[in-house]
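# Chain and residue survey
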Amino acid sequence: MARLSSLFVAILTLTPTAYSRHLRASKVFLDGRQVQNEYDYVIIGGGTAGLTVADRLTEDGKTTVLVIEYGVLSEAASLTTVAGGFSGMSDSQFMYDIRSVPQVNLRNRVISVLAGKVVGGSSAVNAMMTIRGTAEDYDRWGAFFRKNSHWTWEGLLPYFKKALNFVPPNADITRTANITYDTSFWGNTSGVYAGWPSYQFPATTAQMEAFKGLPGVEIASDSGSGVPGVYWYPTFMDPKTVLRSFSKTGHYDNVKRANYHLVTQSKVTKIVLDGTTATGVSFVPAPARGQPGNTAAPVTTVTARKEVILAAGGVHSPQVLQVSGIGPKKVLSAAGIDTIVDLPGVGQNFQDHGMISASFQFARIPQSARPSSDDLRTNRTLSTWSSQVWAANRTGPNSIATGNSAAWLSFPVISPRSAKLSADLAAQNHAAYLPTGSDPTVAAGYRAQMLSYASALSNNNTAFYNLVLQGGSASGLLVDLHPLSRGTVNVNPANPHNTEPQVDYRALANPLDATIMGDIVRFTRKYYLDNPKTKDWGGREVSPGASVTTDEQLATFLSSSLSPSVYHPAGTCAMMPLELGGVVDEELKVYGVKNLRVVDASVIPTLPGANTCQTVYAIAEKAADLIRYGAPKV
């Protein structure tokens, strides 16, 4: 922190010539007056993708890049603490304060829309779960375009490897916990680490092994292998320091380049267009926390000699496009914004993973599986030992974030009616479940997605079910990995420039979502209550309760308990063909606009069955190559 503070002091105490806008070695700015007039690339958003792309583009030492970030540059301990996994997210100063519109199918509940507001973005505050989807998740993306698209599992795997530096767990823990991994799916050159804690609760291993009591469940050899199953996975953590590893630590902190600039606490007001060519970005000082935007704030405009790259995330990238006059004409007109490019897909196709708040408990975890994570709270000897080894050498249970083992299972494994629900989804009038008046191209894209999902529901290549195992007696936070409903993120028509966008998850808009989620609950009952591997563990169901059995009863339960978000907002600037409601093409270029790309989770056309962070890193690594070298020959 001392080094960073001294840098700020050096910048702010320079002579008046410090504000002349020419290239200099300093790379972090607090004020738009300090940046130069022109850069080769201007990147909107200093998060997971933005910093990754900036690092790669400036590697030659010549290409100049400015990153514009709304949040602060911080060394706060809450951002780097590993224990428990939620320290960053619980620090509200680093989170956007956004609320959804009332969800009509969730009893008009309003949902918190969480995203990181700090240099590093959501990679600075997420749960540190280092997960990638199945091969079919990524093959699906390319299939929306053509048979030989480079957006496939094989096309992305090199970038998954490039994105992370995999450090295997130590030999003792590997042996005692029975951890399996395969380094052929990982790289070891990135500054972003995928590491492992130095301790695992024996109960976690036992709970993982218990899945073998259910038919059809496979134990995958590695979380990065591209297949569904139950498996161990690493943490976004540097195992040497036992601190969070994220885009700031991997793509900014140790990068010493005069051609890589970052300006913080700055809000982008629009992408500057000359006709339909992006030429730069305008921004103002970000308002103080809890304060509305200042319409009189000084505006800085920076020219992008080559391209503007939008990396503001699934919630804010569509907002930036819309306030710049790029988006659905109906939405822009309602907000009093002149339409420069009528692009119907901007802000549509909004997706997030749904979390089902069921609750199950094991009353008697066997002694052979102890200690459990519960024992850390109830056993003073274990708790004391944990504190001592952490203080001595940063080892033990405090090196665990949210856990390292989970089930990611295909639908035929968890549901006996997968074929029927597959047929039901294929036969739907899909457009009926979109917002009234949706553009025909958006409806066509949704239909293409649902037909792909219909196929996935009846095969074993896509994971629909997720249960994280944490080695404790209670669990049941279940995730639907492929919700069918689609929402919207559009500017607030009453005040598009100085308020957050209107976020509508449209949860359970497609009625088959509730049916699928009901089967997710039913399968979890089997694991806890009808499993030969757990029959002596005293399993019981707390919620929704044994009397809740029918589809209708489960749907009622979901209406009062479902969260339509696990903070993985995506899809709002979808990479799909224009005739399918797409916003960007296979090179991530915005349709109808020259010199403008989007690189973040908003381009994801259909969510992977996984936490999104690792996928966004891979997208960013691939995008950097697309920008520098063009599309690969396939």
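If you're wondering where the values come from, they're calculated on a predicted model, not measured in any experiment. Counting of residues starts from 1 at the beginning of each chain's written sequence and follows it residue by residue. Totals for whole chains, interfaces and linings use every residue, but because this is a predicted model, local features are given only for residues with pLDDT of at least 70 and side-chain atom pairs only at 80 or more, for both listing and counting. The side-chain figures draw on all heavy atoms in the structure; neither hydrogens nor water molecules are used.

## Considering the sheet that holds strand β19 (residues 463-469)
Here we have 6 strands laid out as an open sheet, ordered β8-β18-β19-β20-β17-β23, and antiparallel in their pairing. Edge positions in the open sheet fall to β8 (229-232) and β23 (539-543), since each of these has one partner strand only. Here the strands of the sheet are splayed against their neighbours by 25° on average, with no regard to which way each runs. Alignment of strand β17 (residues 354-362) against β23, held across 4 bridges, turns out to be antiparallel. Along β23, the bridge assignment pairs F362 with G539. Note on contacts: a residue pair is in contact if any heavy atoms of the two residues lie within 4.5 Å. Think of each axis as a best-fit line through the C-alpha atoms, taken over the contacting stretch in the case of a helix, with angles from 0 to 180 degrees between the N-to-C directions. To qualify as a helix, a DSSP run of H or I must reach at least 4 residues; to qualify as a strand, a run of E must reach at least 2; elements of each kind are numbered from the N terminus. Here helix α7 (residues 202-210) sits on the sheet in contact with β8, β17, β18 (405-410) and β19, set at roughly 160° to β8. Only strands joined by at least two bridges in the DSSP assignment are considered to pair.

## So, the pairing of β17
Because side chains alternate across β17, one face comprises the buried residues G354, I356, A358, F360 and F362, and the other comprises M355, S357, S359 and Q361, none of which is buried. For β17 and strand β20 (residues 474-480), the ladder comprises 6 bridges, and the chain directions are antiparallel. Among the inter-strand pairings, S357 is bridged to a residue of β20, identified as L477. Each residue is placed in one exposure class: buried if its accessible area under a 1.4 Å probe, protein chains only, is under 20% of its type's maximum, exposed if it is over 50%, and partly exposed if it falls in between.

## Let's talk about the nonpolar core
Counting residues in each nonpolar core, the largest one holds 92 residues, and the members touching the most others are F211, I356, L409, Y465 and Y527. Sorting elements by how many residues they give to this core places helix α16 (residues 512-529) first, with 9 residues. The contact partners of F211, leaving out residues within four places of it in the chain, are V217, V230, A407, L409, L467, L469, F523 and Y527. The criterion is simple. A nonpolar core is a set of buried Ala, Val, Leu, Ile, Met, Phe, Trp, Tyr and Cys residues joined through side-chain atoms within 4.5 Å.

## Here we look at the pattern of salt bridges
Salt-bridge detection follows one rule: a side-chain nitrogen of Lys or Arg within 4 Å of a carboxyl oxygen of Asp or Glu. Applying the stated rule across the entire model yields 27 salt bridges. Here R417 makes a salt bridge to D519, at a shortest N to O gap of 3.0 Å. In this pair, R417 is assigned in the loop between α13 (411-414) and α14 (418-427) and D519 in helix α16, connecting sequence segments 102 residues apart. What makes R417 partly exposed here is its relative accessible area of 23%. Salt bridges linked by common partners bring R56, E59, E621, D625 and R628 together as one network.

## Considering the environment of Y528
Relative to the elements of secondary structure, Y528 occurs in helix α16. What makes Y528 buried here is its relative accessible area of 4%. Linking Y528 and G403, residues 125 residues apart in sequence, is a C-alpha distance of 19 Å. Contacts of Y528, omitting those with residues within four sequence positions, involve F360, Q361, F362, L467, S475, G476, T534 and G539.

## Regarding the side chain of T402
Here T402 lies in the loop between α12 (380-393) and β18. Residue classification places T402 among the buried residues on the basis of a relative accessible area of 5%. Any pair of nitrogen or oxygen atoms within 3.5 Å is treated as a polar contact; in protein, a donor-acceptor pairing is required on top of that, and neighbouring residues in sequence qualify only through side-chain atoms on both sides. For T402, the side chain forms a polar contact with the main-chain oxygen of A127, separated by 3.2 Å.

## Describing the packing of α14 against α16
The geometry of α14 relative to α16 is characterised by a closest axis approach of 11 Å and an angle of 165° between their N-to-C directions. Between α14 and α16, the angle is such that the two are roughly antiparallel. Handedness of the α14/α16 crossing: left-handed. Seen from α14, the contacting residues are L421, D424 and L425; seen from α16, they are L512, T515, I516 and D519. Here the residues of the contact of α14 with α16 are counted per class, giving 4 nonpolar, 1 polar and 2 charged. For classification purposes, an angle smaller than 35 degrees is called roughly parallel, one larger than 145 roughly antiparallel, one from 65 to 115 roughly perpendicular, and anything else oblique. Each helix crossing is assigned a hand: it is left-handed if the near helix lies turned anticlockwise from the far helix by less than a right angle, otherwise right-handed if that turn is clockwise. All amino acids are sorted into three groups, where Ala, Val, Leu, Ile, Met, Phe, Trp, Tyr, Cys and Pro are nonpolar, Asp, Glu, Lys and Arg are charged, and the leftover types, Gly among them, are polar.

## Section: unusual backbone geometry
A cis geometry characterises the amide bond from R370 onward to P371, with omega recorded as 5°. Locating P371 in the fold gives a position in the loop between β17 and α11 (375-378). The backbone of N178 shows a phi angle near 60°, a positive value even though the residue is not glycine. Assignment of secondary structure puts N178 in the loop between α6 (171-177) and β7 (193-194). With a relative accessible area of 42%, N178 lands in the partly exposed category. For V242, which is not glycine, the phi torsion reads 55° and is therefore positive. Within the element layout of this structure, V242 appears in the loop between β9 (237-238) and β10 (243-244).

## Overview of the packing of aromatic side chains
Side-chain rings of Phe, Tyr and Trp (the six-membered ring for Trp) are treated as a pair once their centres are within 6.5 Å; stacked means planes under 30 degrees apart, edge-to-face means over 60, and tilted covers the remaining angles. With the rule as written, the count across this model stands at 24 aromatic pairs. Ring plane angle 80° and centroid distance 5.2 Å describe the contact between Y138 and W141, whose orientation is recorded as edge-to-face. Taken as a pair, Y138 and W141 lie in helix α4 (residues 135-143) at a separation of 3 residues, close to a single helical turn. Here Y138 and F160 contribute two aromatic rings whose centre-to-centre distance is 5.3 Å and whose plane-to-plane angle is 65°, an arrangement assigned as edge-to-face.

## Focus on the packing of α14 against helix α15 (residues 440-457)
Contact pair α14 / α15: the axes reach a minimum separation of 8 Å and the direction vectors enclose 170°. When the interaxial angle is binned, α14 and α15 end up roughly antiparallel. Our pair here, α14 against α15, has a crossing hand that is left-handed. Residues S418, L421, S422, L425 and A426 of α14 form the contact with α15, whose participating residues are R447, M450, L451, Y453, A454, S455 and L457.

## Things to note about the pairing of strand β2 (residues 38-44)
Counting buried positions along β2 gives 6 out of 7 residues, so the element sits mostly inside the fold. Where β2 lies against strand β14 (residues 300-310), 6 bridges are found, and the strand directions are parallel. What sits directly across from I43, in β14, is I309. Pairing between β2 and strand β3 (residues 65-68): 4 bridges, direction parallel.

## Re the environment of I326
By the element assignment, I326 lies in strand β15 (residues 326-327). Linking I326 and D338, residues 12 residues apart in sequence, is a C-alpha distance of 8.9 Å. Non-local contacts of I326, meaning those with residues more than four positions away in its chain, are made with L273, L321, L332, V341, L343, V346, V590, V593 and L596.

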